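Structural overview for review
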Amino acid sequence: MINILVSNDDGVTAPGIKALAAELTKIANVLVVAPDRNCSAASNSLTLTNPLRINNLENGAIAVNGTPSDCVHLAIRELCPVEPDIVVSGINAGANMGDDTLYSGTVAAAMEGRFLGLPAIAVSLVGKELRHYDSAAIYAAKIVQGLLEHPINNDQILNVNVPDLPLEQIKGMRITRLGSRHKAEGMIKTQDPAGRDIYWLGPPGKEQDASADTDFGTVEQGYVSITPLTVDLTAYDQLADLENWINKL
């Protein structure tokens, strides 16, 4: 039986991670190691100035007082009784598409698994009410089995976004590219009870590139979006032009 490490950024008690672990337990030995609180938008941050502590929960999961990347790193290096065959992050409460992937703790947890040499996927549920985590969990299990049978490049992960629909209403799966958003809206300024100014991030920008071949467009049509993401952010198509540019300085 395969061994799967499950993590997330919504916290160890979130409904998405519970649904994911329950479904994956049907096909694998599953260890859940996740933040002890919501760490959404933590991206790839690691905790360097404070010690990490664990709390073994009654259901067998392990809560960590760290980020999603901390959890995966600690699990693979110290907590897993055997090295996992794959890392699965999610199921996130909300989309991780387009530009959102740069901020996503869900995607970052999968990336950390890949940094440590393991195949990995990130799974998110897309919708307003977020009721059908079971649908996303079933597709996650399918994709896990497919990825183990047909590995992808060792510098890539799969970013999966599932529409919040009953299983029978999901039309299938499509391979997509990342879409993009317009720039984020302004900050929201309010005051605390003492009358001091405080600021909240405003809502994300609306979709700018949401064509049919993007993750945004695909999920909107009722399909599961699967986007391969590369760890290497180098813009290779710019190397020669930049070389010419700096030689003129």
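We now turn to the structure provided with this report. Bear in mind the structure is a predicted one, so any value in this text is a computation, not a measurement.

The next subject is the overall build of the protein chain. Check the secondary structure of the protein chain and you find 6 helices and 13 strands. Its C-alpha atoms give the protein chain principal-axis dimensions of roughly 55 × 55 × 45 Å. When the 249 residues of the protein chain are sorted by exposure, 47% land in the buried category. Within the protein chain, contacts between residues at least 6 apart in sequence are counted, and of these 75% link residues at least 24 apart. Distance between charge centres in the protein chain, computed from 18 positive and 30 negative side chains, equals 5 Å.

In this description, an aromatic ring pair is defined by two values, namely the gap between the centres and the angle between the planes. Applying the stated criterion across every chain yields a total of 0 aromatic pairs. The ring of Tyr-139 carries the charged tip of Lys-142 above its face, separated from the ring centre by 4.7 Å. Its guanidinium or amino end placed over the ring of Tyr-223, Arg-174 lies 3.7 Å from that ring's centre, counting from NZ or CZ.

One recurring pattern in soluble globular proteins: nonpolar side chains tend to sit buried together. One finds Ile-4, Leu-24, Val-88, Ile-91, Ile-121 and Val-123 to be the most contacted residues of the largest nonpolar core, which totals 34 residues. Secondary structure elements with two or more residues in this core: β1 (2-7), α1 (15-24), β2 (28-35), β5 (86-93), β6 (120-126), α4 (133-149), β7 (156-163) and β13 (224-230). Top contributing element to this core by residue count: α4, with 9 residues. Excluding its chain neighbours within four sequence positions, the residues that come into contact with Ile-91 are Asp-10, Gly-16, Ile-17, Leu-20, Val-123, Ser-124, Leu-125, Tyr-133, Ala-136 and Ala-137. Counting residues in hydrophobic clusters, the runner-up holds 22 residues, among them Ala-75, Val-87, Met-111 and Leu-118.

For the rest of this paragraph, the subject is the side chain of Thr-67. By secondary structure assignment, the location of Thr-67 is in the loop between β4 (62-64) and α2 (68-79). When sequence neighbours within four positions are dropped, the list of residues in contact with Thr-67 reads Pro-35, Cys-39, Ser-45, Leu-46 and Thr-47.

Here the focus is the pattern of salt bridges. On inspection of all chains with the given rule, the structure shows 6 salt bridges. A salt bridge links Asp-192 to Arg-196, with the shortest nitrogen-to-oxygen separation between them at 3.0 Å.

This part covers α2. Taken residue by residue, α2 has Pro-68, Ser-69, Asp-70, Cys-71, Val-72, Leu-74, Ala-75 and Ile-76 as its buried positions. Considering only its buried residues, α2 is in contact with β1, β2, β3 (54-56), β4, β5 and α3 (105-115).

Within α1, burial applies to Gly-16, Ile-17, Leu-20, Ala-21, Glu-23 and Leu-24. Viewed along the axis of α1, the buried residues span an arc of 165°, placing them on a single side of the element. On its buried face, α1 sits against β1, β2, β5 and α4.

Calculation rules
Residues numbered from 1 in each chain as written. Predicted model: local features only at pLDDT ≥ 70, side-chain atom pairs only at ≥ 80, totals over all residues. Heavy atoms only, no water. Helix = DSSP H or I, 4+ residues; strand = E, 2+ residues; numbered from the N terminus. Buried < 20%, exposed > 50% of the residue type's maximum accessible area, 1.4 Å probe, protein only. Contact = heavy atoms within 4.5 Å. Lys, Arg positive; Asp, Glu negative; His and termini not counted. Charge placed at Lys NZ, Arg CZ, Asp CG, Glu CD. Phe/Tyr/Trp six-rings, centres within 6.5 Å; stacked < 30°, edge-to-face > 60°. Lys NZ or Arg CZ within 6 Å of the ring centre and 35° of its normal. Core = buried A, V, L, I, M, F, W, Y, C linked by side-chain atoms within 4.5 Å. Salt bridge = Lys/Arg side-chain N within 4 Å of Asp/Glu carboxyl O. Arc of directions from axis to C-beta.

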